[in-house]
Amino acid sequence: MAPIDPHSYTDSTHPLTTHVSLSFYFDFASSTILSSAVLSLAAPYSGVFTLDSRSLSISDVLDLATLTPLPFTLQPTSPDAILGQSLTVTLSNHSQLLVIFKTAPSSSALQWLSPPQTFNKSFPFVYTQCQAIHARSIFPCQDTPAARIKYAAKLNIPHYLSAVMGAKHVGRQDPVPGECRGACDDSLWCGEGRVVEEFVMEQPIPPYLFAFAVGELGFREVGPRTKIYSEAVPGVLDAAAKEFSGTEEMIKVGEGLFGPYEWERFDLLVLPPSFPYGGMENPRMVFLAPTVIKGDLTGAQVVAHELAHSWTGNLITNKTNDHFWLNEGITTYAERRIVEAVQGKERAALNIGIGWKLLVEDMERFKDNMEFTKLKTNQQGVDPDDVYSRIGRPAFDEFLKKYIATFKFRSIDTDTFLDFMKANVPGIENHIDLKVWTEGTGIPPDAMEPASDIYAKIVSLANEFKVGRMPNEDEVADWGGQEWELYLENLPKSVEASQVLALDARHRLSESKDYEVKVAFLQLAIASRCSNYYSEVEKTLKEVGRMQYLRPLYKALVQGTGKEEEKTFAKRVFSEACSCYHPIAQGVVEAILVKHT
């Protein structure tokens, strides 16, 4: 076997899948999906063919033309903690195969929410999160970004719900006998009260961008290419529509910088609070956490990041997660160019300042394994969910536009990017040590901390806190969430509890509706052993599932010595809250608790 990717069983000598046709019957009572998948290969193949799977019950693999069984096995018997299992099928000059299977309630990509866990508390909800290697827990596939696929999908759901996908919506109609291709009996597929939502993705995407959500959904139209979806809660929809009202302007700015927007639609779905990320760049249907809605339009910066992925990440994708920086690093640059054009240089400077501080924190987070501070990493035997971090003109903008046009709808590696850069930015290797930047550990010595008047002023005020001076009302009168976030991130990591109480008494940071501000303040309170705020910590950990908040709060509680009370508190809160977290977030928090308690 010659693996194509350290996180996949895909064999480099096998043809890649080019198209998948899916039929899904959603059984909310059992939190499972009865499914069938027709996989079409790039070329006919004979021999053992390998797919990735995790927690899937495979009942049959069939020759699509004759519906005769094909021999298959799932290995290893005890699934690998990272890779899951390989589904190996014996083919004989086949270019298509039909797999009949069922997902598990424990699927790592799916979160099934009962009615009490939703906004309206009336109907159930389910959604996906396939990045980094979780698509294999929804359908058997070559779950590597090197294998880009087109797909068609029929979602059979209760008639009182609706579905969205990161794909073109074809229509909503009554079920038709035979269309489920063995996913379940026709009597079930065509049962009373069921409806089929049909979608197609006509452009090849990596499997981690496969996405759907099913629930009681409503929407608002905010532009010619954008609808905002969420649960049918007028308050949420209206707030989201206001926050993201400038989306079309951002798309136009992105097109001016990076070339045509290739995905037709740029719709947004605001998910329930358990969504583990701020945003996920699924093409045509970006997923967002509700905490992105801040009320001051700054939440649009997350949308700018996901929009930038439409070019860098979705159009051009890292070949494996060892080259993940090609997605996130270039996208971060592209996001900041969009933010600067739309919201101005000062806002962009704050964005960069916060990013720099988070980068420094990531270096501290990975101090025990500096391999993960490289741009080009070696992730053999490592769960990519554990490695995610934040990485960071006219001539470069032109290079970027040419890079996107050259490699669109392809998956590439670091060496391909560097060769293209050296060919198109002549002499760059004489100004920058590209090997140090891509393969060295830590922050490169010639990386520059951001500089701007507002950044310098906020950092100066944070430094004054060390000698007991807090900013007065006049100095912070025009501050928004980002200013406060940057200020709090630059305070000493441990201060007296009395200082924390005084800061909050003056500026009410623990009551902030901006979770970046609130969580940064609560981290400070925990570090100072200021137990007055532990009830607010508990409330926060129980009302949000975004890992950007869970990871630092749980870590602050359990890291260090002499914190038995905090560790007991953290374990209790997690035991009570974990059922509301997405499986990915559950795994991240469990790893923190296991390591430190």
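Procedures and definitions
Residues numbered from 1 in each chain as written. Predicted model: local features only at pLDDT ≥ 70, side-chain atom pairs only at ≥ 80, totals over all residues. Heavy atoms only, no water. Helix = DSSP H or I, 4+ residues; strand = E, 2+ residues; numbered from the N terminus. Expected span 1.5 Å × (residues − 1). Buried < 20%, exposed > 50% of the residue type's maximum accessible area, 1.4 Å probe, protein only. Contact = heavy atoms within 4.5 Å. Pairing = 2+ DSSP bridges. Lys, Arg positive; Asp, Glu negative; His and termini not counted. Salt bridge = Lys/Arg side-chain N within 4 Å of Asp/Glu carboxyl O. Polar contact = N/O pair within 3.5 Å; in protein donor to acceptor, adjacent residues only side chain to side chain. Axes fitted to C-alpha atoms, helices over the stretch in contact; angles between N-to-C directions. Nonpolar A, V, L, I, M, F, W, Y, C, P; charged D, E, K, R; others polar. 1 Å grid on protein atoms, 1.4 Å probe; cavity = no way out; pocket = protein on both sides within 12 Å on 5 of 7 lines; lining within 4 Å. Points joined across faces, edges and corners; volume = space filled by probe spheres on them. Core = buried A, V, L, I, M, F, W, Y, C linked by side-chain atoms within 4.5 Å. Phe/Tyr/Trp six-rings, centres within 6.5 Å; stacked < 30°, edge-to-face > 60°. UniProt positions renumbered as here; feature names shortened; annotations may be inferred.

This next bit is on helix H15 (residues 515-527). In this model H15 runs 18 Å from its N-terminal to its C-terminal C-alpha over 13 residues, within 8% of the 18 Å that 1.5 Å per residue would give. In terms of burial, H15 is largely enclosed, as eleven of its 13 residues are buried. Turning to H15, its buried residues number three or more, namely Tyr515, Glu516, Val517, Lys518, Val519, Ala520, Phe521, Leu522, Leu524, Ala525 and Ile526. Turning to H15, the residues buried within the fold contact helix H13 (481-489), helix H14 (497-507), helix H16 (534-543) and helix H17 (547-558). Positive backbone phi, approximately 55°, marks Arg529, located one or two places after H15.

This part is about the pairing of strand E14 (residues 226-231). Most of E14 sits inside the fold, with five of its six residues counted as buried. With six bridges joining them, strand E13 (residues 217-223) and E14 adopt antiparallel strand pairing. Its bridge partner being in E14, Glu221 is matched across the sheet by Lys227. Pairing analysis gives three bridges linking E14 to strand E15 (residues 267-270), with the strands arranged parallel. By the bridge assignment, Ile228 is partnered in E15 with Leu268.

Attention shifts here to the side chain of Asp11. You can see Asp11 is positioned in the segment before strand E1 (17-27). Of the side chains with opposite charge, Lys319 comes closest to the buried, unpaired Asp11, at an N-O distance of 13 Å. Side chain to side chain, Asp11 and Thr13 meet in a polar contact 2.7 Å long.

To continue, consider the environment of Asp415. Note that Asp415 resides in helix H8 (residues 414-424). Residues Asp415 and Thr438 lie 23 residues apart in sequence; the distance between their C-alpha atoms is 9.8 Å.

Closest axis-to-axis distance for the H17/helix H18 (residues 564-577) pair is 7 Å, and the angle between their directions is 145°. Of the residues in H18, those in contact with Tyr554, Leu557 and Val558 of H17 are Glu566, Lys567, Phe569, Ala570, Val573 and Phe574. Residue composition of the contact of H17 with H18, by class: seven nonpolar, no polar and two charged.

What follows covers empty space enclosed by the protein. Estimated volume of the second largest cavity: approximately 40 Å³. For the lining of the second largest cavity, the class distribution of residues is four nonpolar, four polar and no charged.

Before going further, it helps to examine the pattern of salt bridges. This structure, assessed with the given rule, holds 31 salt bridges. Residue Glu364 pairs with Lys367 through a salt bridge whose shortest N-O separation is 2.8 Å. Residue Lys367 is classed as partly exposed on the basis of its relative accessible area of 49%.

This part takes up the environment of Lys567. Tracing the chain through its elements places Lys567 in helix H18. Those residues in contact with Lys567, other than ones at most four positions away along the chain, are Leu557, Val558, Gly560, His596 and Thr597.

Turning next to the sheet that holds strand E16 (residues 279-280). Taking strand neighbours across the sheet as the criterion, the five strands line up as E13-E14-E15-E17-E16 in an open arrangement whose pairing is mixed. Unpaired on one side and paired on the other, E13 and E16 mark the two borders of the sheet.

Here we have four strands laid out as an open sheet, ordered E6-E7-E12-E9, and antiparallel in their pairing. Sheet topology places strand E6 (110-113) and strand E9 (162-165) at the edges, where each strand pairs with a single neighbour. Taking the axes of each pair of neighbouring strands and ignoring which way they run, one obtains an average angle of 10° across the sheet.

With that settled, consider the nonpolar core. A general feature of soluble globular proteins is that nonpolar side chains tend to end up buried together. One finds Phe26, Leu155, Phe212, Tyr403, Tyr487 and Tyr554 to be the most contacted residues of the largest nonpolar core, which totals 172 residues. No other element matches H15, which puts nine residues into this core. Leaving out residues up to four positions away in the same chain, Phe212 has contacts with Phe24, Phe26, Ile33, Leu110, Val126, Tyr127, Thr128, Ile138, Leu155, Val164, Met165 and Phe287. One finds Tyr25, Leu34, Cys184 and Trp189 within the second-largest nonpolar core, a separate group that totals seven residues.

Along the chain, Thr291 falls in the loop between strand E17 (285-288) and helix H4 (300-308). Setting aside chain neighbours within four positions, we find Thr291 in contact with Tyr515, Val544, Arg546 and Tyr549.

This brings us to the packing of aromatic side chains. Between two aromatic rings, the relevant description is the distance of the centres plus the angle of the planes. Scanning all chains against the criterion turns up 39 aromatic pairs. Between Phe24 and Phe26 the ring centres are 6.2 Å apart and the planes differ by 90°, which places this aromatic pair in the edge-to-face class. When sorted by exposure, Phe24 lands in the same class as Phe26, which is buried. Ring geometry for Phe521 against Tyr533: centres 5.1 Å apart, planes inclined by 90°, an arrangement best described as edge-to-face. Residue Phe521 is found in helix H15, and its partner Tyr533 is found in the loop between H15 and H16; the two are separated by twelve residues along the sequence. With respect to burial, Phe521 and Tyr533 carry one shared label: buried. Ring pairing ties together the aromatic residues Phe24, Phe26, Phe28, Trp112, Phe139, Tyr151, Phe210 and Phe212, which thus form one cluster.

For the rest of this paragraph, the subject is unusual backbone geometry. Residue Pro76 follows Gln75 across a cis peptide bond; omega there is -10°. Within the secondary structure, Pro76 is located in strand E4 (residues 72-80). For Leu297, which is not a glycine, the phi torsion comes out positive at approximately 75°. Structurally, Leu297 is set in the loop between E17 and H4. A positive phi angle, near 55°, is found at Arg508, a position not held by glycine. Given a relative accessible area of 48%, Arg508 falls into the partly exposed group.

According to UniProt, the feature "binding site: Zn(2+)" (unreviewed entry) maps to His305, His309 and Glu328 in the numbering used here. A maximum C-alpha distance of 9.2 Å is found for the annotated residues, which run over 24 residues; spatially they form one tight group. Along the polypeptide, His309 turns up in the loop between H4 and strand E18 (316-318). Overall, the relative accessible area of 0% leaves His309 in the buried class. Filtering out sequence-adjacent residues up to four positions away, His309 remains in contact with Glu281, Asn314, Leu315, Asn327, Glu328 and Thr331. Topologically, Glu328 is positioned in helix H5 (residues 325-343). Glu328 gets classed as buried once you look at its relative accessible area, which sits at 6%.

Here the focus is H16. Residue pairs spaced three or four apart in an α-helix point in one direction, given the helix's 3.6 residues per turn. Along H16, the positions that sit buried rather than exposed are Tyr534, Glu536, Val537, Glu538, Thr540 and Leu541. At its buried positions, H16 is contacted by H15, H17 and H18.

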